[in-house]
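# Survey of secondary and tertiary structure
Below are the chains, spelled out letter by letter.
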Amino acid sequence: MTIRLTFLSTSGGEPTPGARFGDAPPTERELGEARAARADLPPHTRAVRAPSLRCRLTAEALGLAAADEPALRDLDVGAWQGRTVEEVAATDPHAFTAWLTDPDAAPHGGESVRRFCRRTANWLDAVADEPGHVLAVTGPAVVRAALVHALSVPARAFWRLDVPPLSPVSLTWQRGHWDVSVGSAAFEATRRFTVIHRNPRLHAGREAAHAFVPSAGTCDGPLRYPRVDGADYATTRP
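Here the structure is a predicted model, which is why all the values come from computation and not from measurement. Along every chain, residues carry numbers that run from 1 in the direction the sequence is written. Local features in this predicted model are restricted to residues of pLDDT 70 or higher, and side-chain atom pairs are both shown and tallied only at a pLDDT of 80 or more, whereas totals for entire chains, interfaces and linings draw on every residue. Heavy atoms from the whole structure form the basis of all side-chain values; hydrogens and water molecules are not counted.

## Concerning helix α6 (residues 140–151)
Worth spelling out the cut-off: Elements are defined by DSSP. Helices are runs of H or I of four residues or more, strands are runs of E of two residues or more, and each kind is numbered from the N terminus. Working rule for helices: expected span equals 1.5 Å times residues minus one. For each residue, the accessible area found with a 1.4 Å probe, counting protein chains only, is set against the maximum for its type, and the residue is called buried under 20%, exposed over 50%, and partly exposed in between.
Here α6 spans 16 Å end to end across 12 residues, near enough to the 16 Å set by a 1.5 Å rise per residue. Listed as buried for α6 are Pro140, Ala141, Val142, Val143, Arg144, Ala145, Ala146, Leu147, Val148, Ala150 and Leu151. One or two residues past the end of α6 sits serine 152, with phi positive at roughly 55°.

## Notes on the packing of helix α1 (residues 28–36) against helix α2 (residues 53–61)
How two helices pack is summed up by the angle between their axes together with the distance between the axes. Note the following rule: Only the stretch in contact is used when a helix axis is fitted, and all axes are lines through C-alpha atoms; the angle between N-to-C directions ranges over 0 to 180 degrees. By the definition adopted for this analysis, an angle is roughly parallel if under 35 degrees, roughly antiparallel if over 145, roughly perpendicular if from 65 to 115, and oblique otherwise. Contacts between residues were defined by any pair of non-hydrogen atoms, one from each residue, lying within 4.5 Å. Gly is put with the polar residues, along with every residue not named as nonpolar or charged; the nonpolar set is Ala, Val, Leu, Ile, Met, Phe, Trp, Tyr, Cys and Pro, and the charged set is Asp, Glu, Lys and Arg.
Interhelical geometry of α1 versus α2 gives an angle of 40° and a closest axis separation of 8 Å. Our classification of the angle between α1 and α2 gives oblique. Contacts between α1 and α2 involve Glu30, Leu31, Ala34 and Arg35 on the former and, on the latter, Arg54, Leu57, Thr58 and Ala61. Its residues assigned to classes, the contact of α1 with α2 shows 4 nonpolar, 1 polar and 3 charged.

## Some details on the pattern of salt bridges
Note the following rule: When a carboxyl oxygen of Asp or Glu lies within 4 Å of a side-chain nitrogen of Lys or Arg, that pair is called a salt bridge.
The tally for this structure, following the rule as stated, stands at 8 salt bridges. When the shortest N-O distance is used, the salt bridge between glutamate 33 and arginine 29 registers 2.8 Å. Highlighted residues: glutamate 33 and arginine 29, both in helix α1, separated by 4 residues, approximately one helical turn. When its relative accessible area of 35% is taken as the criterion, glutamate 33 is described as partly exposed. A salt bridge links arginine 114 to aspartate 104; the shortest N-O distance between them is 2.7 Å. Here aspartate 104 lies in the loop between α4 (93–101) and α5 (113–127) and arginine 114 lies in helix α5, a separation of 10 residues in the sequence. A relative accessible area of 31% means that arginine 114 is categorised as partly exposed.

## Comments concerning the environment of arginine 29
Condition: Whenever a nitrogen or oxygen atom comes within 3.5 Å of another N or O atom, the pair is scored as a polar contact, on the condition that within protein one atom can donate a hydrogen and the other can accept it, and that pairs from neighbouring residues in sequence are kept only if both atoms are in side chains.
Classification of arginine 29 by relative accessible area gives exposed; the value is 55%. At 2.8 Å, the side chain of arginine 29 and the side chain of glutamate 33 are in polar contact.

## Let's talk about α2
Convention followed: It is the directions from the helix axis to the C-beta atoms that the arc portrays.
Of the positions making up α2, those classed as buried are Arg54, Cys55, Thr58, Ala59 and Ala61. Looking straight down α2, one finds that the buried residues subtend no more than 160° of arc, so they occupy a single side. One or two steps after α2, the chain reaches glycine 63, where phi turns positive at roughly 80°.

## Observations concerning the side chain of serine 9
Mapped onto the secondary structure, serine 9 falls in strand β1 (residues 3–9). For serine 9, a relative accessible area of 1% corresponds to the buried category. Excluding residues that lie within four positions of it along the chain, serine 9 makes contacts with Thr138, Gly139, Pro140, Val143, Val163, Pro164, Pro165 and Leu166.

## Regarding the pairing of strand β4 (residues 132–138)
Stated formally: Any two strands with at least two DSSP bridges between them are considered paired.
Across the 7 residues of β4, 6 count as buried, placing the element largely inside the fold. Across 7 bridges, β1 lies against β4 in parallel orientation. Across the sheet, the residue bridging to phenylalanine 7 is alanine 136, located in β4.

## Digging into the confidence of the model for the protein chain
Parts of the prediction with low pLDDT should not have their coordinates interpreted in detail. Note the threshold: pLDDT expresses, on a scale from 0 to 100, how confident the predictor is about each individual residue.
The predicted model of the protein chain averages 80 in pLDDT, with 76% of residues at 70 or higher. Considering only residues more than four positions removed or in separate chains, one finds that residues 185–238, a stretch of pLDDT under 50, has 117 contacts.

## Focus on the environment of aspartate 40
Along the chain, the position of aspartate 40 falls in the loop between α1 and β2 (46–49). Taking the C-alpha atoms as reference, aspartate 40 lies 9.5 Å from proline 168; in sequence the two are 128 residues apart.

## What about the pairing of β2?
In plain terms, the rule: Look down the strands so they point away from you; if going from the first strand over the helix to the second traces a clockwise path, that crossover is right-handed.
With 4 bridges joining them, β2 and β4 adopt parallel strand pairing. When the bridges of β4 are listed, arginine 49 appears paired with valine 137. Bridging between β2 and strand β3 (residues 67–68) involves 2 bridges; their strand directions are parallel. Directly across from arginine 49, in β3, lies its bridge partner aspartate 68. This β-α-β element, β2 to α2 to β3, shows right-handed connectivity.

## Describing the packing of aromatic side chains
In plain terms, the rule: Paired rings are identified among Phe, Tyr and Trp, the last through its six-membered ring, by centres lying within 6.5 Å, and are further divided according to the angle between planes into stacked (under 30 degrees), edge-to-face (over 60) and tilted (the rest). Criterion for a charge above a ring: Arg CZ or Lys NZ at most 6 Å from the ring centre, at most 35 degrees from the ring normal.
Applying the stated criterion across every chain yields a total of 9 aromatic pairs. Between tryptophan 80 and phenylalanine 96 the ring centres are 6.1 Å apart and the planes differ by 50°, which places this aromatic pair in the tilted class. Of this pair, tryptophan 80 sits in the loop between β3 and α3 (85–91) while phenylalanine 96 is found in helix α4, placing the two residues 16 residues apart along the sequence. As far as burial versus exposure is concerned, tryptophan 80 and phenylalanine 96 are alike and both buried. Three or more aromatic residues link up through ring pairs in this structure, and these residues are Phe21, Trp80, Phe96, Trp99, Phe116, Phe158 and Trp159. In this structure, arginine 144 packs its charged tip against the face of phenylalanine 158, placed 5.8 Å from the ring centre.

As structure tokens, then:
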């Protein structure tokens, strides 16, 4: 059985300069971009969204009657909620650095990256039992967590996965592995890649060796992806 899930990430929600931790409505420009993307939405049997205001308004701008899915809520940043990235980095630089580099760190008292990835993985495992095509509107952190699970990359690669807003990221489960497609015909040429497990312990949630390769016939150029050691990026050959 083939299961397909397509994520569309909202803008915002990233720990970048000028950003504030927590939920905030999209700007008029961002809503306009979502309205313009309506014609490019993939066919789907149902739509869901994260419970945030940003995701609700983005889904409405996309013309979706998306059901609220609490399991897709954003990474819980605890005491940092409502504070700016600059404020947190200035007042507690060691904690901020630990949060960005150690997937088990939760200096804000909320969720660690690893725990967040596990929560998202549990939802993915449940969706994998449902036939059809699900379209999910979430924050970029949820898409990263889904990719960590689908491709069995270590949780420390979480922040190295780039998730452009409104660019489709599709996960397809078939023949015992996940295929990941990024983009669509309306954007750039689709990039697709597959994880090939080299150690069955990966399925038990442990970090072990793996290969990350383009699927046949789906990519004309090289792909960059986080190395298993999290130190840098590696590049496939076309």
